[in-house]
Amino acid sequence: MAKETLNPFEIAQKQIKSACDKLNTDPAVYEILKDPMRVLEVSFPVKLDNGTVKTFTGYRSQHNNAVGPFKGGIRFHPDVTRDEVKALSTWMTFKCSVAGIPYGGGKGGITINPKEYSAAELERISRGYAKAIAPLIGEKVDIPAPDVNTNGQIMSWMVDAYEEIVKKSTPGVFTGKPLEFGGSLARTEATGYGVHLAAKKALKKLGKEVKNSTYAIQGFGNVGYYTAYYAHKDGAKIVAISNVDTAFYNENGIDMEKIIKEMEANGFVKNNGYGKEIPHKELLELEVDVLAPCALENQITSENADRIKAKVITEGANGPTTPEADKVLFKKGIVVVPDILANAGGVVVSYFEWVQNLQGYYWEFNEVQQKEASLLSKAFEDVWDLADKYKVDLRNASYMKSIEKISKAMKLRGWF
């Protein structure tokens, strides 16, 4: 049996190649898209609270800006590598184009466990990184945002550090900021809201409604929580939830009102009698209408794909399904709404935040959500129609839709 592809950058390249082949594009298109345009690696010193100096390593990958400026998050995680940010920046290019927003892909990160540092140290680390990447970013150049283990406060420090260098107000250089500092309403909910919309559209294609459909949510951070929250509001029955510490299942439906209160109070969930404890991997294999993997990459592989029983998989996480698993799921008739479509809500509302920053005029919550729903609904329908036309899965169709757009922009620019 062929070896499973687990390196995220190799997976991204396979996905691009598959879509280019199906579209029969000029070979130059894959040649340009298979690698980021540039990857910056930075080292910067930070004085810690105990007076010692430590050097940190960070990255910023800029994949392709044929359609518009680079856009993508910054993560603080011990597993951040050059290949990971290259893969994530590549996925961002296609995520932006499939959603119909005028950005190319970027991604950054620092190889760090943020739990090991005080708030004051994290501020100095954030500022050090922002200054280190400052020559390569800007409101019309590359617009970073929060990602794993980063948040609005960290973005605020980074904006401030960047503005110290450029000596002017540039609120649109980072998105995902707090409301008081140029952030957008509906940004916190945006990714999970989009994952929910994707599931709703997919269910409708199968002749089902969200109401009374069963959902299993893997990963209960921001994305998983809001996916469950909006599904519950639409009448879904959430039967299983997992986070790093626990996984639990209740065939009659978990008490979501109680969970919502607990999340609002504590920011996390423990199994307070919500259901029976189950092994984490078992959640993925439950017989449900919708499975939402909202944790980390490589969760559904050739090892467990055969045992997946969900009718719809809507990917809240980036890269939760390997290419080998995709083939198995497609043969089984399981509808997989891929990450670059399902979780594009975050970058869509980041785009709205940037637009609001540039014009200095801010929209109401409902207006932002309506605009998000409108963009994502159109993207879903376009991808569904393309999948139908070429008889491919939605992941291939999502890449194909993006590549059609990006290749035209590259051609117009004279890149090939």
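Relevant structure appears above.
This text gives an overview of the structure that appears in the document.

Conventions used here
Residues numbered from 1 in each chain as written. Predicted model: local features only at pLDDT ≥ 70, side-chain atom pairs only at ≥ 80, totals over all residues. Heavy atoms only, no water. Helix = DSSP H or I, 4+ residues; strand = E, 2+ residues; numbered from the N terminus. Rg over C-alpha atoms; globule rule 2.2 N^0.38 Å. Buried < 20%, exposed > 50% of the residue type's maximum accessible area, 1.4 Å probe, protein only. Contact = heavy atoms within 4.5 Å. Areas by Shrake-Rupley, 256 points an atom, 1.4 Å probe, with all protein chains shown as cover. Lys, Arg positive; Asp, Glu negative; His and termini not counted. Charge placed at Lys NZ, Arg CZ, Asp CG, Glu CD. Core = buried A, V, L, I, M, F, W, Y, C linked by side-chain atoms within 4.5 Å. Pairing = 2+ DSSP bridges. Axes fitted to C-alpha atoms, helices over the stretch in contact; angles between N-to-C directions. Polar contact = N/O pair within 3.5 Å; in protein donor to acceptor, adjacent residues only side chain to side chain. Expected span 1.5 Å × (residues − 1). Phe/Tyr/Trp six-rings, centres within 6.5 Å; stacked < 30°, edge-to-face > 60°. Lys NZ or Arg CZ within 6 Å of the ring centre and 35° of its normal.

### Looking at the overall build of the chain
Next, step 1: Of regular secondary structure, the chain possesses 14 helices and twelve strands.
Next, step 2: Relative to the globule expectation of 22 Å for 416 residues, the C-alpha radius of gyration of the chain, 21 Å, shows essentially globular dimensions.
Next, step 3: The principal-axis extents of the C-alpha atoms in the chain amount to approximately 55 × 55 × 45 Å.
Next, step 4: Counting the 416 residues in the chain, one finds 59% classified as buried.
Next, step 5: Pairs at least 24 residues apart make up 69% of the contacts formed inside the chain by residues separated by at least 6 positions.
Next, step 6: Within the structure as shown, the chain displays about 17,300 Å² of accessible surface, and the carbon and sulfur contribution to it stands at 50%.
Next, step 7: Of the side chains in the chain, 53 bear a positive and 52 a negative charge, and the two mean positions are spaced by 4 Å.

### A closer look at the nonpolar core
Side chains that are nonpolar tend, in soluble globular proteins, to be buried together.
Next, step 1: Ranked by size, the top nonpolar core spans 87 residues in total, and within it Tyr215, Phe220, Ile259, Val337 and Ile403 carry the most contacts.
Next, step 2: Residues contacting Ile403, with those up to four places away along its chain left out, are Ile16, Ala19, Cys20, Leu23, Thr25, Val29, Leu33 and Phe94.
Next, step 3: Ala130, Ala134, Trp157 and Ala161 belong to the second-largest nonpolar core, a separate cluster that totals 26 residues.

### Focus on the sheet that holds strand E5 (residues 142–146)
Next, step 1: Within the open sheet, the five strands sit side by side as E1-E2-E4-E3-E5. Their pairing is mixed. Whereas interior strands pair on both sides, the edge strands pair on one side only; in this sheet they are strand E1 (38–47) and E5. Geometrically, the sheet is characterised by an average inter-axis angle of 25° between neighbouring strands, direction not taken into account.
Next, step 2: Pairing geometry for E1 and strand E2 (residues 53–62), over ten bridges, is antiparallel. What sits directly across from Lys47, in E2, is Val53.
Next, step 3: Here helix H3 (residues 82–99) sits on the sheet and contacts E1, E2, strand E3 (70–77) and strand E4 (104–111); the angle it forms with E4, its principal contact strand, is near 150°.
Next, step 4: The strands touched by helix H4 (residues 119–133) are E1, E2, E3 and E4; relative to E1, the strand with the most contacts, the crossing angle is about 140°.

### As for the side chain of Ser61
Next, step 1: Tracing the backbone through its elements, the reader meets Ser61 in strand E2.
Next, step 2: Taking the relative accessible area as the measure of exposure, Ser61 reaches 0% and is therefore buried.
Next, step 3: Within the local environment of Ser61, its side chain forms a polar contact with the side chain of Ser89, the two groups lying 2.8 Å apart.
Next, step 4: Discounting chain neighbours no more than four positions away, the residues touching Ser61 are Pro36, Arg38, Val39, Val85, Lys86, Ser89, Gly105, Gly106 and Lys107.

### Thoughts on unusual backbone geometry
Next, step 1: In this model, Asn24 sits at a positive phi of 55°, which is unusual for a non-glycine residue.
Next, step 2: Tracing the chain through its elements places Asn24 in the loop between helix H1 (8–23) and helix H2 (27–33).
Next, step 3: Its identity as a non-glycine residue notwithstanding, Ala186 has a phi of 70°, on the positive side.
Next, step 4: Its place among the elements puts Ala186 in the loop between helix H5 (152–166) and helix H6 (190–205).
Next, step 5: By relative accessible area, which is 4% here, Ala186 ends up buried.

### Re H5
Next, step 1: In this model, H5 (15 residues) spans 21 Å end to end at C-alpha, consistent with the 21 Å of a helix rising 1.5 Å per residue.
Next, step 2: Residues Gly152, Ile154, Met155, Ser156, Trp157, Met158, Val159, Ala161, Tyr162 and Glu163 constitute the buried set of H5.
Next, step 3: Here the buried face of H5 lies against E3, H4 and E5.
Next, step 4: Lys167 occupies a position one or two residues after H5 and carries a positive phi of about 60°.

### What to know about helix H13 (residues 365–390)
Next, step 1: Over its 26 residues, H13 runs 38 Å from end to end, which matches the ideal 38 Å to within 8%, given 1.5 Å per residue.
Next, step 2: For H13, the full list of buried residues reads Val368, Gln369, Glu372, Ala373, Leu376, Ala379, Phe380, Val383, Leu386 and Ala387.

### Observations regarding the environment of Ile154
Next, step 1: Tracing the backbone shows Ile154 in helix H5.
Next, step 2: On the basis of relative accessibility, which here comes to 4%, the residue Ile154 falls in the buried class.
Next, step 3: As a C-alpha pair, Ile154 and Thr246 span 92 residues in sequence and 28 Å in three-dimensional space.
Next, step 4: Look past the residues within four positions of Ile154 in its chain and what remains in contact with it is Phe76, Ser126 and Asn149.

### Topic: the packing of aromatic side chains
Next, step 1: On inspection of all chains with the given rule, the structure shows 18 aromatic pairs.
Next, step 2: Between Phe44 and Tyr129, the aromatic rings sit 6.5 Å apart at their centres with planes inclined by 55°, giving tilted as the arrangement. Of this pair, Phe44 sits in strand E1 while Tyr129 sits in helix H4, and the two are 85 residues apart along the sequence.
Next, step 3: Considering the side-chain rings of Phe94 and Tyr399, the 5.0 Å spacing of their centres and the 50° angle between planes classify their relative orientation as tilted. Linking Phe94 in helix H3 with Tyr399 in helix H14 (residues 394–413), this pair joins segments that are 305 residues apart in sequence. Here Phe94 and Tyr399 have matching classes, each one buried.
Next, step 4: Stacked on the ring of Tyr30, the Lys or Arg Lys17 has its end atom at 5.6 Å from the ring centre.
Next, step 5: Just above the ring of Trp363 sits the side chain of Lys371; from NZ or CZ to the centre is 4.7 Å.

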